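Reading the structure
The primary structure of each chain is shown beneath.
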Amino acid sequence: YLEWVSQPAVGNYIYASARDVTEKRLADEELRKTAITDELTGLFNRHYFENVIIDRIQKSDRTGKPLSMLLLDLDHFKQVNDTFGHPVGDELLRHVAQVMFHSVRESDILVRFGGEEFAILLPDTDLKGALAAAEKVRRAIEEQPLSSIGVRTASVGVAEHFKAESFRHWYRRVDGALYLAKKLGRNRVVASDDSEPLPLSASGLSWKRKWESGNKHIDRQHKELIEIGNQLLGLYEQQELPEEMTKVVERLLRHTVTHFTT
């Protein structure tokens, strides 16, 4: 990699200089890779997932193309650590990560959420396709045992994203499907119930240009009202404790009083 600097000179000449920045470029790339990669498995980490998920949801809503997510949990992983030790548990996680990596498409986003839990984001994939992908991954894990401990299995929850659905609600649905897969006996794939209604905050509130008053001060206060409203809806969706919601309601009331008195 070269960094070029040039400027016009007298006559038909240009003065230019080049500096080799390969070492810096590679160091920057390595730093970025470290920031978004799970150190143990080499998969993307949760930090990377959280940085891309909203963009993927918005793209799906905008284009109308389906988007699905899998949550996968290794069955009885604690038993592996307790019986064989954490080094073997780490070996199993690396093994499963490789099995999954070779079982998904290049366009799919494979993430280690933490512990023995993984997520797979499936662009351009509806629920039927996601179920097929989940079963392929589940079967691959079962059919490719780790030599030191034998056959291991995994439970998988699946959900297709609803249009205008918040990430929290979508995640709660797929996590609920994973919980059901475990409850039904593990080593299986379960889809979220698509009939579940969206919460009030699924679409949220967004500022519209037609609401502009022409007064920047008033518009700023109106936008803050919307921000507080979305925060309150988010707490409702997450079923937070009443005292947490009370704090936001009090902030809403204070802001409303200030708005109408100024």
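About the criteria used
- Residues numbered from 1 in each chain as written.
- Predicted model: local features only at pLDDT ≥ 70, side-chain atom pairs only at ≥ 80, totals over all residues.
- Heavy atoms only, no water.
- Core = buried A, V, L, I, M, F, W, Y, C linked by side-chain atoms within 4.5 Å.
- Buried < 20%, exposed > 50% of the residue type's maximum accessible area, 1.4 Å probe, protein only.
- Helix = DSSP H or I, 4+ residues; strand = E, 2+ residues; numbered from the N terminus.
- Contact = heavy atoms within 4.5 Å.
- Salt bridge = Lys/Arg side-chain N within 4 Å of Asp/Glu carboxyl O.
- Axes fitted to C-alpha atoms, helices over the stretch in contact; angles between N-to-C directions.
- Parallel < 35°, antiparallel > 145°, perpendicular 65-115°, else oblique.
- Left-handed = near helix turned anticlockwise from the far one by under 90°.
- Nonpolar A, V, L, I, M, F, W, Y, C, P; charged D, E, K, R; others polar.
- Expected span 1.5 Å × (residues − 1).
- Polar contact = N/O pair within 3.5 Å; in protein donor to acceptor, adjacent residues only side chain to side chain.
- pLDDT = per-residue confidence, 0-100.

1. Quick look at the nonpolar core
With 29 residues, the main nonpolar core has Leu70, Leu72, Leu74, Leu92, Met100, Phe118 and Ile141 as its most contacted residues. Elements that contribute at least two residues to this core include exactly β4 (67–74), α3 (77–84), α4 (86–101), β6 (117–123), α5 (127–143) and β7 (154–160). With seven residues, the top contributor of residues to this core is α4. If near-sequence neighbours (up to four positions away) are discounted, Leu72 is found in contact with Met100, Glu116, Glu117, Phe118, Val137, Ile141, Ala154, Ser155 and Val156. Ile36, Val111, Val174 and Leu178 belong to the second-largest nonpolar core, a separate cluster that totals 19 residues.

2. Observations concerning the pattern of salt bridges
Counted by the stated rule, this structure contains twelve salt bridges. In this structure, Glu135 engages Arg139 in a salt bridge whose closest nitrogen and oxygen atoms are separated by 3.8 Å. On the criterion of helical spacing, the pair formed by Glu135 and Arg139 is a turn pair, its members being four residues apart in helix α5. Taking the relative accessible area as the measure of exposure, Glu135 reaches 27% and is therefore partly exposed. Classification of Arg139 as partly exposed rests on a relative accessible area of 36%. What emerges from the salt-bridge pattern is a single network uniting Glu135, Arg138, Arg139 and Glu142.

3. Points about the packing of α4 against α5
Look at α4 against α5: their axes get within 9 Å of each other, and the N-to-C directions meet at 135 degrees. Relative to α5, the element α4 lies oblique. Along this stretch, α4 crosses α5, giving a crossing that reads as right-handed. Mapping the contact onto sequence places Val96, Val99 and Met100 in α4 and Val137, Ala140 and Ile141 in α5. When its residues are assigned to classes, the contact of α4 with α5 shows six nonpolar, no polar and no charged.

4. Details of helix α6 (residues 167–183)
Between the first and last C-alpha of α6 there are 24 Å, a value that for 17 residues agrees with the 24 Å anticipated at 1.5 Å per step. Buried residues of α6: His169, Trp170, Tyr171, Arg173, Val174, Ala177, Leu178 and Ala181, and no others.

5. Here's the deal with the side chain of Ser192
Position of Ser192 among the secondary structure elements: in the loop between β8 (189–191) and α7 (216–237). Engagement of the side chain of Ser192 in a polar contact is seen with the side chain of Arg173, the distance being 3.1 Å.

6. Some points on unusual backbone geometry
The backbone of His76 sits at a positive phi, close to 55 degrees, despite the residue not being glycine. Inspection of the secondary structure puts His76 in the loop between β4 and α3. In this structure, Arg186 takes a positive phi of about 70 degrees despite not being glycine. Here Arg186 is to be found in the loop between α6 and β8.

7. Remarks on the confidence of the model for the protein chain
Per-residue confidence for the protein chain averages 86 on the pLDDT scale, and 89% of its residues sit at or above 70. Per-residue pLDDT stays below 50 along residues 197–203; that stretch engages in 16 contacts with residues further than four places along the chain or on separate chains.

8. Topic: α5
Side chains of residues three or four places apart in an α-helix project in the same direction, reflecting 3.6 residues per turn. Here α5 contains 17 residues, and its C-alpha end-to-end distance of 24 Å stays within 8% of the 24 Å for a straight helix at 1.5 Å per residue. Each element contacted by the buried residues of α5 is listed here: β4, α4, β6, β7 and β8.

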